[in-house]
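Tertiary structure, described
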Amino acid sequence: MNILILHGPNLNLLGEREPSVYGTMTLGQLNAKIMAHGKKRKISMRARQSNHEGGLIDILHAHRRWADGIVFNPGAYSHYSYALRDAVSSIAVPTIEVHLSDITQREAFRRVSVVAPACEGQISGKGVNSYLEAVDRLAGMKRKKR
Ligand code: DQA
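Keep in mind it's a predicted model, so treat the numbers as computed, not measured.

Description of the pattern of salt bridges
What the rule picks out here adds up to 5 salt bridges. Note that Glu-18 and Arg-17 form a salt bridge whose closest N and O atoms lie 4.0 Å from each other. Given the relative accessible area of 40%, Glu-18 is considered partly exposed. A salt bridge links Arg-41 to Asp-136; the shortest N-O distance between them is 2.9 Å. Within this pair, whereas Arg-41 is found in the loop between helix H2 (27-40) and strand S2 (44-49), its partner Asp-136 is found in helix H5 (residues 128-139), the two being separated by 95 residues in sequence. Residue Arg-41 is classed as partly exposed on the basis of its relative accessible area of 38%. Residue classification places Asp-136 among the partly exposed residues on the basis of a relative accessible area of 34%. Taken together, the salt bridges that share partners define one network made up of Arg-106, Glu-107 and Arg-110.

Here's the deal with the packing of H2 against H5
Relative placement of two packed helices is described by the angle separating their axes and the distance separating the axes. Interhelical geometry of H2 versus H5 gives an angle of 25 degrees and a closest axis separation of 10 Å. The orientation of H2 with respect to H5, classified from their angle, is roughly parallel. When you trace H2 past H5, the crossing you get is right-handed. Within the contact between the two elements, H2 uses Leu-30, Lys-33, Ile-34 and His-37 and H5 uses Val-128, Tyr-131, Leu-132, Val-135 and Asp-136.

Quick word on helix H3 (residues 53-62)
When H3 is considered as a whole, its buried residues turn out to be Leu-56, Ile-57, Ile-59 and Leu-60. Projection of H3 onto a plane perpendicular to its axis shows the buried side chains occupying an angular sector of 160 degrees, all on one side. Of the residues in H3, the exposed ones pointing more than 90 degrees away from the buried face are Asp-58 and Ala-62. For H3, the secondary structure elements touched by its buried residues are strand S1 (2-7), S2, strand S3 (69-73) and helix H4 (82-91).

Details of the nonpolar core
By size, the foremost hydrophobic cluster in this structure holds 21 residues, and its most contacted members are Ile-3, Ile-5, Leu-30, Ile-34, Val-71, Tyr-131 and Val-135. Of all the secondary-structure elements, those providing two or more residues to this core are S1, H2, strand S4 (95-99) and H5. Broken down by element, the residue count for this core peaks at 6 residues, all from H5. With residues up to four places along the chain from it excluded, the contact list for Ile-5 reads Asn-31, Ile-34, Met-35, Met-45, Arg-46, Ala-47, Arg-48, Val-71, Tyr-131 and Val-135. In this structure, Leu-4, Phe-72, Tyr-77 and Leu-84 belong to the second largest nonpolar core, which totals 19 residues.

Here we look at the side chain of Glu-97
With respect to the secondary-structure elements, Glu-97 resides in strand S4. Of the side chains bearing the opposite charge, Arg-85 lies closest to the buried Glu-97, which forms no salt bridge; the N-O distance is 9.1 Å. Not counting residues within four places of it along the chain, the set of residues in contact with Glu-97 comprises Phe-72, Pro-74, Ser-78, Ser-113, Val-115, Ala-116, Cys-119, Gly-121, Gln-122 and Ile-123.

Thresholds, definitions, all that
- Position numbers for residues start from 1 in each chain and track the written sequence from start to end.
- Whole-chain, interface and lining totals are the exception, using all residues; otherwise, since this is a predicted model, local features are given only for residues with pLDDT of at least 70 and side-chain atom pairs are given and counted only at 80 or more.
- Side-chain numbers come from the whole structure's heavy atoms, not from hydrogens or water.
- Salt bridges are counted wherever a side-chain nitrogen of Lys or Arg sits within 4 Å of a carboxyl oxygen of Asp or Glu.
- Partly exposed residues are those whose accessible area sits between 20% and 50% of the maximum for their type, while under 20% is buried and over 50% is exposed, using a 1.4 Å probe and protein chains only.
- In this description a helix means any DSSP run of H or I spanning at least four residues, a strand means any run of E spanning at least two, and both kinds are numbered starting from the N terminus.
- Here the axes come from fitting lines to C-alpha atoms, over the contacting stretch only for helices, and the angles between their N-to-C directions go from 0 to 180 degrees.
- Each angle gets one of four labels, with under 35 degrees taken as roughly parallel, over 145 as roughly antiparallel, 65 to 115 as roughly perpendicular, and the rest as oblique.
- Less than a right angle of anticlockwise turn of the near helix away from the far helix marks a crossing as left-handed, whereas a clockwise turn marks it as right-handed.
- Residues count as neighbours in contact if any of their non-hydrogen atoms are within 4.5 Å of one another.
- An arc is given here, and it is the one of the directions from the helix axis to the C-beta atoms.
- Take the buried Ala, Val, Leu, Ile, Met, Phe, Trp, Tyr and Cys residues and link them wherever side-chain atoms come within 4.5 Å; each set so joined is a nonpolar core.
- In this tally Asp and Glu are treated as negative and Lys and Arg as positive; neither His nor the chain ends contributes.

Shown next, in the form of structure tokens:
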């Protein structure tokens, strides 16, 4: 099974970005934990990050035949990018939206995700465990025919 971990804008600055909200783990450290978790389950993992909406769309398209599942943190794009929502719908790869912080307990604009309806589910507010749970959920899904 192949799983793509995709991080959106500003997540490259994890560790120094608002540590009271997102913690002190860097993106490299976060990816290392997720990769180790997948490896234990014999899942082949790739991690990518982009600060650009079109860049994220290109990465989703490029992995549409490789990935059996996608763990996607679209960052602030979650709240307004219909293009990313369409990209997730277009590739038909089971995708779980994740957030480090609890988006239901922050500013009002974060409570809505326009990407989530195109996803199999959303996990938010569990830090690195949001990603690990998403990997487990995807691993439990039946492999789709490509
Ligand atoms: C985030 C939550 C978003 O609202 C925010 O814009 C981010 C990070 C999270 O992981 O908690 O960039 O996706």
